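The primary structure of each chain is shown beneath.
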Amino acid sequence: MINPMANCGSDVATYSVVAVSAPNSTQICFPSRIAKTVITGVVADAFGQSVPESSADRWFEKRLWQSPRPSFPLAIQLCIDLGIPLKHFMDYYIESSSHLRYAKLIERGTALAKEKIQTIQKRLSNLEKMQAEIEHSELIQQSEDMVRCNFPAMDVWLAPCAPNAAEPHVFTQFHSLIRMVESSGLTINYFAGRLLHCQGNQKELFFYIGVDIPQGMQDIPETVFHLPAGEYLCCTQAKPAIEDAANIFTEQFALDYEKFVLESELSLGDYDCAAPPFELRCSLPDRQMP
């Protein structure tokens, strides 16, 4: 009745599965835990029930292939396909009356499928942004001169950063910042580095981490800053150099306007983990985009 060696898929909840061959029926997948306990004499099924050895075959036959309709096995297969843990199957099956609550099962399956689609779409969107960043980084690296680039607005979490800090201290502080952002309920995106804010004679240096603010969020932390869209002058540096930005962007620092300088590792397609190059971006006077 049961072939414990035949794999036909996987139950993403926690179960591996084996094939159950039913007369005049297609092959049906069931948790290997069920198959194992049938073989050893006691069925500890997905519902948390125990069935004596003498009743095991009858219990399976009644539900799997002696039923006039394939509703029961198809419902279990549907749970497996949708990632609904089989231990929750009794939420949709009334043992006393042998009724399947198909509408409720399909409703739950539809909700799970939509959640998975949204997750995949979000991941795909992030991958597309990362690909665009790689293309931008390689353009900057291959250029002998500074490059003017337009960037969209971005929300960033800011934290004070000491200038010319030793690298171990920078890493420790940055990791602490990541934990702080994660605990706030905001989603971290892949933009991160240091930000220099210059206005008049005042200069402020920060760590920044790009964050995604959930739609409808009311209490946005005061540490979150909305960096407006604008045009920047970009160049590569072999090592961190934001403290020397005034000598790198001499023409821009000679002008009196509020400016932002961002420093981050270049996101190259062939990334050097030991010694990655860096990018410096200095905002140009007319930052606001239409």
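A brief look at the structure comes next. (Residues numbered from 1 in each chain as written. Predicted model: local features only at pLDDT ≥ 70, side-chain atom pairs only at ≥ 80, totals over all residues. Heavy atoms only, no water.)

### Digging into the overall build of the protein chain
Broken down by element type, the protein chain carries 7 helices and 15 strands. Sorting the 290 residues of the protein chain into buried and exposed places 39% on the buried side. Contacts spanning at least 24 positions in sequence make up 61% of the contacts within the protein chain whose residues lie at least 6 apart. Accessible surface, the protein chain as shown: approximately 17,200 Å² in total, 52% of it carbon and sulfur. (Helix = DSSP H or I, 4+ residues; strand = E, 2+ residues; numbered from the N terminus. Buried < 20%, exposed > 50% of the residue type's maximum accessible area, 1.4 Å probe, protein only. Contact = heavy atoms within 4.5 Å. Areas by Shrake-Rupley, 256 points an atom, 1.4 Å probe, with all protein chains shown as cover.)

### Examining the nonpolar core
Counting residues in each nonpolar core, the largest one holds 28 residues, and the members touching the most others are Trp157, Leu177, Leu196, Phe249, Phe253, Val261 and Leu280. Ile140, Phe206, Leu227 and Phe260 belong to the second-largest nonpolar core, a separate cluster that totals 15 residues. (Core = buried A, V, L, I, M, F, W, Y, C linked by side-chain atoms within 4.5 Å.)

### Let's talk about helix α3 (residues 71-82)
With 12 residues, α3 extends 16 Å from end C-alpha to end C-alpha; this agrees with the ideal 16 Å at 1.5 Å per step. What α3 keeps buried is the set Phe72, Pro73, Ala75, Ile76, Gln77, Cys79, Ile80 and Leu82. Following α3 by one or two positions, glycine 83 adopts a phi angle in the positive range, close to 80 degrees. (Expected span 1.5 Å × (residues − 1).)

### Some remarks on the sheet that holds strand β11 (residues 202-212)
The strand order across the open sheet formed by 8 strands is β8-β13-β15-β14-β10-β11-β9-β12, and the pairing between neighbours is antiparallel. Each end of this open sheet is capped by a strand with a single partner; those strands are β8 (147-151) and β12 (224-227). Neighbour-to-neighbour, the strand axes of the sheet open up by a mean angle of 35 degrees, direction not taken into account. Most of the contacts of helix α4 (residues 102-142) go to strand β10 (residues 187-199), to which it runs at about 45 degrees, and overall it touches β8, β10, β13 (230-237) and β15 (278-283). (Pairing = 2+ DSSP bridges. Axes fitted to C-alpha atoms, helices over the stretch in contact; angles between N-to-C directions.)

### Concerning the pattern of salt bridges
A complete count under the given rule lists 5 salt bridges for this structure. Linking arginine 194 and glutamate 263 is a salt bridge whose minimum nitrogen-to-oxygen distance equals 2.9 Å. Separated by 69 residues along the polypeptide, arginine 194 in strand β10 and glutamate 263 in strand β14 (residues 259-265) bring together distant segments of the chain. Look at arginine 194 and you get buried, because its relative accessible area is 10%. One continuous salt-bridge network, built from bridges that share partners, spans Glu133, Glu279 and Arg281. (Salt bridge = Lys/Arg side-chain N within 4 Å of Asp/Glu carboxyl O.)

### Describing the pairing of β11
By the bridge criterion, 5 bridges tie strand β9 (residues 154-160) to β11 in an arrangement that is antiparallel. Directly across from alanine 159, in β11, lies its bridge partner phenylalanine 207. In this structure, β10 lies alongside β11, joined through 10 bridges in antiparallel fashion. Across the sheet, the residue bridging to alanine 192 is isoleucine 209, located in β11.

### Looking at the packing of aromatic side chains
This structure, assessed with the given rule, holds 2 aromatic pairs. Considering the side-chain rings of phenylalanine 151 and tyrosine 232, the 5.6 Å spacing of their centres and the 80 degrees angle between planes classify their relative orientation as edge-to-face. Remark: tyrosine 232 occurs in strand β13 and phenylalanine 151 occurs in strand β8; sequence separation between them is 81 residues. Take phenylalanine 151: its relative accessible area is 13%, and that puts it in the buried class. When the ring of phenylalanine 225 is compared with that of phenylalanine 260, the centres are 5.6 Å apart and the planes differ by 40 degrees; the resulting orientation is tilted. Remark: phenylalanine 260 occurs in strand β14 and phenylalanine 225 occurs in strand β12; sequence separation between them is 35 residues. For phenylalanine 260, a relative accessible area of 2% gives the class buried. We note lysine 259 situated over the ring of phenylalanine 253; from NZ or CZ to the ring centre the distance is 5.1 Å. Residue placement shows arginine 281 over the ring face of phenylalanine 151; its charged tip is 3.8 Å from the ring centre. (Phe/Tyr/Trp six-rings, centres within 6.5 Å; stacked < 30°, edge-to-face > 60°. Lys NZ or Arg CZ within 6 Å of the ring centre and 35° of its normal.)

### Side note on a nonpolar patch on the surface
Residues Leu124, Leu127 and Met130 make up a contiguous nonpolar surface patch of roughly 290 Å² in combined accessible area. Given the relative accessible area of 47%, leucine 124 is considered partly exposed. (Patch = residues over 30% accessible without salt bridge, like charges linked within 9 Å, V, L, I, M, F, W, Y side chains within 5 Å.)

### Brief notes about α4
Spanning 41 residues, α4 covers 59 Å between terminal C-alpha atoms, matching the ideal 60 Å at 1.5 Å per step. Among all positions of α4, only Leu105, Gly109, Leu112, Glu133, His136, Ser137 and Ile140 are buried. Elements that come into contact with the buried residues of α4 comprise α3, β8, β10, β13 and β15.

### Some remarks on the packing of α3 against α4
Contact pair α3 / α4: the axes reach a minimum separation of 10 Å and the direction vectors enclose 20 degrees. Relative to α4, α3 is oriented roughly parallel. Judged by the sense of rotation from one axis to the other, the crossing of α3 with α4 is left-handed. Seen from α3, the contacting residues are Ser71, Leu74, Ala75, Leu78, Cys79 and Leu82; seen from α4, they are Tyr102, Leu105, Ile106, Gly109, Leu112 and Lys116. Partitioned by chemical class, the residues of the contact of α3 with α4 number 9 nonpolar, 2 polar and 1 charged. (Parallel < 35°, antiparallel > 145°, perpendicular 65-115°, else oblique. Left-handed = near helix turned anticlockwise from the far one by under 90°. Nonpolar A, V, L, I, M, F, W, Y, C, P; charged D, E, K, R; others polar.)

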